[in-house]
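These are the residues of each chain, in order.
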Amino acid sequence: MQKSPFGMTPDPSCLMMTESHREALSGLLYAVHKRKGFVVLTGDAGTGKTTLLRALIRSAKSARFSVVLNPTLSLPEFFELVLCDFGITDVPESKAQRIMKLQEFLVKLHNEGAPPVLIVDEAHKLSPEILEEIRLLTNFETAEKKLLHIVLAGQTELKALLNREDLRQLKQRIEIRLEIKPLSAADVTTYMRHRWDRAGGTTALPFTKDAIALVVSASRGIPRLVNSICDNALLLAFGEADSAVTARHMREVLRDLDLGVGSPPPVERKSMSAETPRRSESPAAFSRLEPQSLMTLPSIERYLSPIPKLSVFRRLGSWLNFGNLRTVRTNSE
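In this convention, every chain numbers its residues from 1, walking through the sequence in written order. Under the rules for a predicted model, residues below a pLDDT of 70 receive no local features and side-chain atom pairs below 80 are neither given nor counted, while totals for whole chains, interfaces and linings still include all residues. Here the side-chain values reflect all heavy atoms present in the structure, with hydrogen atoms and water set aside.

### Remarks on the packing of aromatic side chains
For step 1, the next point in the chain: A pair of aromatic rings is counted whenever rings of Phe, Tyr or Trp (Trp by its six-membered ring) have centres within 6.5 Å, and the orientation is called stacked for planes under 30 degrees apart, edge-to-face for over 60 and tilted otherwise. Inspection of every chain in the model, using the stated rule, returns 3 aromatic pairs.
For step 2, the next point in the chain: Ring centres 6.1 Å apart and planes at 85 degrees place the aromatic pair Phe6 and Phe207 in the edge-to-face group. A residue pair is termed long-range when its members are at least 10 positions apart, and Phe6 in the segment before α1 (19-33) and Phe207 in the loop between α8 (185-198) and α9 (209-219) qualify at 201 residues.
For step 3, the next point in the chain: Their ring planes at 75 degrees and their centres at 6.5 Å tell us that Phe78 and Phe79 sit as a pair that is edge-to-face. Judged on exposure class, the residue Phe78 and its partner Phe79 are both buried. Segments assigned H or I by DSSP are reported as helices when at least four residues long, segments assigned E as strands when at least two residues long, and all are numbered from the N terminus. Each residue is placed in one exposure class: buried if its accessible area under a 1.4 Å probe, protein chains only, is under 20% of its type's maximum, exposed if it is over 50%, and partly exposed if it falls in between.

Quick look at the structure:
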């Protein structure tokens, strides 16, 4: 075993590309390389938004990123953090000078052909004052394109925040909306095997069927909860010198974590749709993209619509060679 199979840190190398994760990553890459101004990514707590953002940063090598992980800042602190994370060390004192410094930096990157991207994680905690300032940052533009591209990522409360009447101008500027959904019941099992294999596990997943069923019910399809439950269960089984995690171990862990067995995640539905045929040539807009860095990310199919129609970002994913990603299936399939 090379590392903890169920670690809590957002590790892109352990990202499992579900249907919604694949579509969200396709949309983020499209937004960066097509110079879209404003993108919003939402999802329940623990569904993998931060991991997906790290995969974006790892994949879009031509872009320059400034990442705000803690948005509970004052307005001067927010501007200072944005500038510092872009690599600007001589941050002026006044707001006017900071704006001028940022504008000069954005023009410089524009002339160099490197798209600057501001990522704000936990954006549902942003104050309306800072959100309004973020909206004003989108005014940095040429006659043809935006100079700064902004990604707001947050929990589902972000939707309600953006629906505020005093933020209607911000909402009107959102060009792309993306959403990550919880894992289906079948995906939870696949996710556990995926994490075990990615950590270097050489044996079968050491969880009994009854133990896995409890993980499915208690986690409600939230990957972070799956990690927490499985990590504690493995520690308990190891401490008792047991070769596998059983339902008894799992019930004890759920009691310690104060997690009841709730409603299980939805069952995956089979799709009648066919994959979109690959194009012979990639569009010029994606000529600088390096999809090879994503080829190590395994994927699974989930939440497939019974309607034989692929979303625009799934089709974009086909152009980005996401169609070549290996599909991870459970042993029962």
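We are not done yet, so read on.
### A short note on the environment of Met17
For step 1, the next point in the chain: Here Met17 shows up in the segment before α1.
For step 2, the next point in the chain: Given the relative accessible area of 1%, Met17 is considered buried.

### Quick notes on the nonpolar core
As a rule of thumb, nonpolar side chains are buried together in soluble globular proteins.
For step 1, the next point in the chain: By convention a nonpolar core is built from buried Ala, Val, Leu, Ile, Met, Phe, Trp, Tyr and Cys residues, the set being connected through side-chain atoms within 4.5 Å. In this structure, Leu118, Val120, Ile134 and Leu152 are the most contacted members of the largest nonpolar core, which totals 35 residues.
For step 2, the next point in the chain: Sorting the residues of this core by element identifies β1 (38-43), α3 (75-85), α4 (95-112), β3 (116-120), α5 (128-137), β4 (149-154) and α6 (157-162) as the ones contributing at least two each.
For step 3, the next point in the chain: Aside from chain neighbours lying at most four places away, what touches Leu118 is Ser66, Val68, Phe78, Val82, Leu137, Leu148, His149, Ile150 and Val151.
For step 4, the next point in the chain: Residues Tyr191, Trp196, Ile212 and Leu259 belong to the second largest nonpolar core, which totals 29 residues. Every residue pair with non-hydrogen atoms within 4.5 Å of one another is taken to be in contact.

### Focus: unusual backbone geometry
For step 1, the next point in the chain: Residue Arg220 is not a glycine yet carries a positive backbone phi of 55 degrees.
For step 2, the next point in the chain: Mapped onto the elements, Arg220 comes out in the loop between α9 and α10 (223-239).

### Here we look at the side chain of Ser20
For step 1, the next point in the chain: With respect to the secondary-structure elements, Ser20 resides in helix α1.
For step 2, the next point in the chain: We call two N or O atoms a polar contact when they sit within 3.5 Å, provided that within protein one can donate a hydrogen and the other can accept it, with sequence-adjacent residues counted only if both atoms are side-chain atoms. Polar side-chain contacts of Ser20 include one of 3.3 Å to the backbone nitrogen of Lys181.

### What about the layout of surface pockets?
For step 1, the next point in the chain: Using a grid of 1 Å spacing that covers the protein atoms alone, one calls a set of points a cavity when a 1.4 Å probe fits there but cannot get out, and a pocket when the set is open and has protein on both sides within 12 Å along at least five of seven lines; lining residues are those with an atom within 4 Å of a point. Grid points are joined across faces, edges and corners, and a volume is the space filled by probe spheres set on the points. Computed from the structure, the second largest pocket encloses a volume of approximately 410 Å³.
For step 2, the next point in the chain: Along the wall of the second largest pocket there are 26 residues; nearest its centre are Pro10, Gly46, Thr47, Gly48 and Thr51.
For step 3, the next point in the chain: Note that Gly is not counted as nonpolar here; it falls among the polar residues with everything else outside the nonpolar set of Ala, Val, Leu, Ile, Met, Phe, Trp, Tyr, Cys and Pro and the charged set of Asp, Glu, Lys and Arg. Of the residues that constitute the lining of the second largest pocket, the class distribution is 9 nonpolar, 11 polar and 6 charged.

### Details of empty space enclosed by the protein
For step 1, the next point in the chain: Tallied over the entire structure, the rule returns 1 cavity of 30 Å³ or more.
For step 2, the next point in the chain: Roughly 30 Å³ of internal volume is contained in the largest cavity.
For step 3, the next point in the chain: As for the largest cavity, its lining consists of Ala31, Val32, Lys36, Val39, Val117, His149, Ile150 and Val151.
For step 4, the next point in the chain: Elements with a contribution of two residues or more to the lining of the largest cavity: α1 and β4.
For step 5, the next point in the chain: Counting residues per element, the lining of the largest cavity draws most heavily on β4, at 3 residues.
For step 6, the next point in the chain: Looking at the lining of the largest cavity residue by residue, the class counts come to 6 nonpolar, 1 polar and 1 charged.

### Quick word on the environment of Ala244
For step 1, the next point in the chain: Relative to the elements of secondary structure, Ala244 occurs in the loop between α10 and α11 (247-256).
For step 2, the next point in the chain: Put simply, Ala244 and Leu234 are 10 residues apart on the chain and 8.0 Å apart in space, counted from C-alpha to C-alpha.
For step 3, the next point in the chain: Ignoring anything within four residues of it in the chain, the contact list for Ala244 reads Pro206, Ala237 and His249.

### Comments concerning the pairing of β3
For step 1, the next point in the chain: β3 sits mainly inside the fold: 5 of its 5 residues count as buried.
For step 2, the next point in the chain: Strand pairing is defined by DSSP finding a minimum of two bridges between the two strands. As paired strands, strand β2 (residues 64-68) and β3 are joined by 5 bridges and run parallel to one another. Each residue of the ladder has a partner; that of Ser66, found in β3, is Leu118.
For step 3, the next point in the chain: Direction of pairing for β3 relative to β4: parallel, over a ladder of 4 bridges. Within β4, the residue paired with Val117 across the bridge is His149.

### Concerning the sheet that holds β2
Paired through backbone hydrogen bonds, the strands of a sheet run either parallel or antiparallel to each other.
For step 1, the next point in the chain: In spatial order, the strands read β2-β3-β4-β1-β5; together these 5 strands make up an open sheet with parallel pairing. At either margin of the open sheet sits one strand with a lone partner, and together these are β2 and β5 (176-180). The mean angle between the axes of side-by-side strands here comes to 15 degrees, regardless of whether they run parallel or antiparallel.
For step 2, the next point in the chain: Fitting a line to C-alpha atoms yields each axis, with helices limited to the stretch in contact; the angle taken between N-to-C directions then spans 0 to 180 degrees. Strands β1, β3, β4 and β5 of the sheet are contacted by α1, whose axis makes an angle of about 155 degrees with β5.
For step 3, the next point in the chain: Running at roughly 140 degrees to β1, helix α2 (residues 49-59) makes contact with β1, β2, β3, β4 and β5 of the sheet.

### With respect to the pattern of salt bridges
For step 1, the next point in the chain: For this document, the term salt bridge refers to a Lys or Arg side-chain nitrogen within 4 Å of an Asp or Glu carboxyl oxygen. In total, this model carries 14 salt bridges according to the counting rule given.
For step 2, the next point in the chain: A salt bridge links Lys101 to Asp90, with the shortest nitrogen-to-oxygen separation between them at 3.1 Å. Residue Lys101 is found in helix α4, and its partner Asp90 is found in the loop between α3 and α4; the two are separated by 11 residues along the sequence.
For step 3, the next point in the chain: The class for Lys101 is partly exposed, based on a relative accessible area of 22%.
For step 4, the next point in the chain: Residue Asp90 is classed as partly exposed on the basis of its relative accessible area, which comes to 48%.
For step 5, the next point in the chain: Measuring nitrogen to oxygen at the nearest pair gives 2.5 Å for the salt bridge that ties Glu132 to Arg135. You can see Glu132 and its partner Arg135 sitting in helix α5, 3 residues apart, about one turn around the helix.
For step 6, the next point in the chain: A relative accessible area of 25% means that Glu132 is categorised as partly exposed.

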